[in-house]
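# Structural overview
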Amino acid sequence: MSSRKKILGVIMGGGRGSRLFPLTRDRAKPAVPIAGKYRLIDIPISNCINSGIHRIAVLTQFNSVSLHRHINQTYNFDSFNRRWVQIWAAEQTLNTKDEGWYQGTADAVRKQLVEIQSTGTEHVLILAGDHLYRMDYAKMFQYHQEKNAEITVAVQPVSTEQAPRFGILKRDPNGMISDFVEKPKDPQVQKAFVSRTEEARPFLGSMGIYLFNTRALVKLLGNTTDDDFGGQVIPKAIGTHRVAGFDFDGYWEDIGTVRSFYETNLALATPESPFLFQDRDNPIYSRPRFLPGTLVDGATLENVMLADGCRIGKAVIEGAIIGLRSQIQDDVILRDTILMGADYFDPLDGVPENDIPLGIGANCKIEGALIDKNARLGEGTIIKPFPRGTEIEGNLWCVRDGIVVIPKNTVLPPETIIGPE
C-alpha cells in the first residue's frame, strides 16, 4: 500500500454560511457554483484525487441536499477498487447529547471518529470546502514525515491587512510551530508574531489545512470538548505535540463573503486570471453534463467566462461569468456581473413562468450584480452597483457590500430599477 493510501481526506461541508447569504439560502456553502460550471466542493475533492488521496469524506449539515446530489452525480468510481467519496452527515443517535449537530470543525470530526477509525487510516487530512487553490497534498505528507510531526499545518505568507482574518503563527528553525494566535486584531500582538523579513507579507498564516496522525487526532479530540481546530485544538496541541508548518506560496483564496466570491469570480474571466482551471496534469473535476454548445448571435464579449448551453443575443458583455444554460436576449448590456445560469431550460412550446423567460430579458442594463440560478429578469430591468459597504435588504433583491444580489428563482417584473438614487 502506497503512503498516500494511508491518508483519509475529510472535507468540512460548511455551516450556515451566513456571510455568503443569500447564495447559501437554498444550498450549503460548498455547493455554491463558481466559474460558471463548477461548485466550490470540486476544488478540495479534485486536489485530493490529483494528490493520490482516493478515500474522501464530506461532513455535511445545513442545506445539504444539492451538495449531496452533486457529489453523488459527480464522484463515482468503478466497483473494482477501494476509492470513494462519501457523505458523512450530522445525525441523531441514542448516544447523542446535543441532537447530533456539529458545533464547529473539531466537533464535526469528533462526532465522526468512529467512522474515521473504521477506515484503518493512519493519517487524516482536514480540509475546508470553500477555498480556491491547487495543492499537491502528497508534498505536505512528505514534509510531515520528514519532520516526524504528529500534526502539520499548511501555512502561507500573510499581509498586515490580512492578519486579523487568519490564525497567525511562529516557527522555530526546525520548521516546528512554536506559537499560534487566532485572528489577532491588537497591533502589539501582531508585532510579536512577525516572522518574515518581507514587508508586504510579514506573517505566516494558517490556511485551515491540517494533517494529523490518526492517533494524535483521536487523543486530542477525545480528551477535550473543543469545537474548533484553529481557535482551540491547534494552539493547545503546540505544547503537547510535534506540530509542523508546511509552506505553500501558491494562489489561495478563502471565498467566505459575497465580496470575495464576486471579485474572485470576475478575476477568473480576465487574461491575467490568478487561477486556471485548465491544468492538464491537475484538472478540477465536476459533474459531466449533456448540454449543447453555446450559441452567440451578434454579441460582443470581452473578459467573459462562458459555460455550456447558453444562448446570447445581440448583447454587449464585459467582465462577466456566464453560467450553464444562461439565456440573454437582444440589446442587453452586462458589465462586471456574475450570471449563474439555470438548472433547466424553459419548455420550447410552453408558457414561461409569469410570462418572463429564464435569464436576462431584452433591453436590460446590468452592472455590478450577482444573479443566482433560475432568475428571470423582465425586459428593461436596470441594475446599478451601490457604494462599497452598502447593505440593503430588499423584497426581491439585496445588497451585500455594494453588490446587488438577485437570489435563486427570483422573478423581477419588467422595468425594475435597482440602484442608488
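Remember, predicted model here, so these are calculated numbers, not experimental data. In every chain, residue numbers begin from 1 and rise along the written sequence. Where local features are concerned, this predicted model is filtered to residues with pLDDT of at least 70; where side-chain atom pairs are given and counted, the filter is 80 or more; whole-chain, interface and lining totals use all residues. Only hydrogens and water are set aside; all other atoms, that is, all heavy atoms of the structure, feed into the side-chain values.

In this section: the overall build of the protein. Secondary structure assignment for the protein yields 9 helices and 29 strands. The C-alpha radius of gyration of the protein comes to 23 Å, within 12% of the 22 Å expected for a compact globule of 421 residues. Along the first, second and third principal axes, the C-alpha atoms of the protein reach 65 × 55 × 45 Å. Any two residues whose heavy atoms approach within 4.5 Å are treated as being in contact. Taking the contacts inside the protein whose residues are at least 6 apart along the sequence as the reference set, 63% of them involve residues at least 24 apart. For the area figures, the Shrake-Rupley method with a 1.4 Å probe applies, and any residue is considered shielded solely by the protein chains shown. About 19,500 Å² of surface is accessible on the protein, with carbon and sulfur atoms providing 48% of the total. In this text, helices come from DSSP runs of H or I with a minimum length of four residues, and strands from runs of E with a minimum of two, each type numbered from the N-terminal end. Only the C-alpha atoms count toward the radius of gyration. The rule for a globule is 2.2 Å times the residue count to the power 0.38.

Position of Asp130 relative to the elements: it lies in the loop between strand 6 (123-128) and strand 7 (131-133). Three labels apply to residues, based on accessible area from a 1.4 Å probe with only protein chains included: buried if under 20% of the type maximum, exposed if over 50%, partly exposed otherwise in between. Residue Asp130 is classed as buried on the basis of its relative accessible area, which comes to 8%. Separated by 2.9 Å, the side chains of Asp130 and Lys29 make a polar contact. If sequence neighbours within four positions are ignored, Asp130 has contacts with Lys29, Leu40, Glu253, Asp254 and Ile255. Definition of a polar contact: a pair of N or O atoms within 3.5 Å, with one able to donate and the other able to accept a hydrogen when the atoms are protein atoms, and with sequence-neighbouring residues admitted only if both atoms are side-chain atoms.

Tracing the chain through its elements places Ile322 in strand 17 (residues 316-322). The class of Ile322 is buried, set by a relative accessible area of 0%. The spacing of Ile322 and Met340 is 18 residues in sequence and 6.2 Å in space, taken between C-alpha atoms. Those residues in contact with Ile322, other than ones at most four positions away along the chain, are Gly36, Val304, Met305, Leu306, Ala307, Cys310, Ile317, Ile328, Leu334 and Leu339.

Turning to a nonpolar patch on the surface, a few remarks are in order. Two joining distances apply to patches: 9 Å for like charges and 5 Å for nonpolar side chains (Val, Leu, Ile, Met, Phe, Trp, Tyr), and every residue must have over 30% relative accessible area and no salt bridge. Salt bridge criterion: a side-chain nitrogen from Lys or Arg within 4 Å of a carboxyl oxygen from Asp or Glu. Nonpolar side chains collect at one region of the surface, where Val296, Leu301 and Leu306 lie side by side and expose about 200 Å² of accessible area between them. Take Val296: its relative accessible area is 37%, and that puts it in the partly exposed class.

Within this structure, the stated rule accounts for 22 salt bridges. Here Asp130 makes a salt bridge to Lys29, at a shortest N to O gap of 2.9 Å. Within this pair, whereas Asp130 is found in the loop between strand 6 and strand 7, its partner Lys29 is found in the loop between strand 1 (7-12) and strand 2 (33-34), the two being separated by 101 residues in sequence. Given a relative accessible area of 16%, Lys29 falls into the buried group. Among the ionic pairs, Arg110 bridges to Asp107, the shortest N-O distance being 3.3 Å. Note that Arg110 and Asp107 are positioned in helix 3 (residues 105-110) at a spacing of 3 residues, about one turn of the helix. For the pair Arg110 and Asp107, one class covers both residues: buried. Among the charged side chains, a salt-bridge network with shared partners connects Arg196, Glu198, Arg201 and Asp249.

Moving on to the packing of aromatic side chains. Classification of ring pairs rests on two measures: the distance between centres of Phe, Tyr or Trp rings, Trp counted by its six-membered ring, which must be within 6.5 Å, and the angle between planes, read as stacked under 30 degrees, edge-to-face over 60 and tilted in between. Across all of its chains, the model carries 10 aromatic pairs by this definition. Both rings, one in Tyr251 and one in Phe275, keep their centres 6.0 Å apart while their planes meet at 45°; by these two values the pair is tilted. On the criterion of sequence distance, the pair formed by Tyr251 in the loop between strand 12 (243-247) and strand 13 (252-254) and Phe275 in the loop between helix 9 (258-268) and strand 14 (295-296) is long-range, its members being 24 residues apart. Its relative accessible area of 25% is what places Tyr251 among the partly exposed residues. Judged by its relative accessible area of 4%, Phe275 falls in the buried class. In textbook terms, an aromatic cluster arises when at least three aromatic residues are bridged by ring pairs, as seen for Tyr38, Tyr251, Phe275 and Phe277. Placement of a positive charge over a ring is assigned whenever Lys NZ or Arg CZ falls within 6 Å of the ring centre and within 35 degrees of the normal to the ring plane. Against the face of Phe193 rests Lys170, its NZ or CZ located 5.3 Å from the ring centre.

Here we take up the nonpolar core. Residues Ile45, Leu125, Met135, Ile209, Phe261, Phe277 and Leu370 are the most contacted members of the largest nonpolar core, which totals 66 residues. Looking at which element gives the most residues to this core, the answer is helix 9, with 5 residues. Contacts of Phe261, omitting those with residues within four sequence positions, involve Leu20, Leu23, Val32, Pro33, Ile255, Ile338, Met340 and Leu370. Here, nonpolar core refers to any group of buried Ala, Val, Leu, Ile, Met, Phe, Trp, Tyr and Cys residues whose side-chain atoms link them within 4.5 Å.

A strand pair is defined by DSSP finding two or more bridges across the two strands. The sheet contact formed by strand 9 (residues 167-171) and strand 10 (residues 177-182) spans 5 bridges and is antiparallel. The residue of strand 10 that forms the bridge with Ile168 is Val181. Note that strand 9 and strand 11 (residues 203-213) share 2 bridges and pair antiparallel. Bridge pairing links Leu169 to Leu204 in strand 11.

Attention shifts here to the environment of Lys314. Within the element layout of this structure, Lys314 appears in the loop between strand 16 (311-312) and strand 17. A relative accessible area of 46% means that Lys314 is categorised as partly exposed. Expressed as a C-alpha distance, the spacing of Lys314 and Arg259, which sit 55 residues apart in the sequence, is 29 Å.

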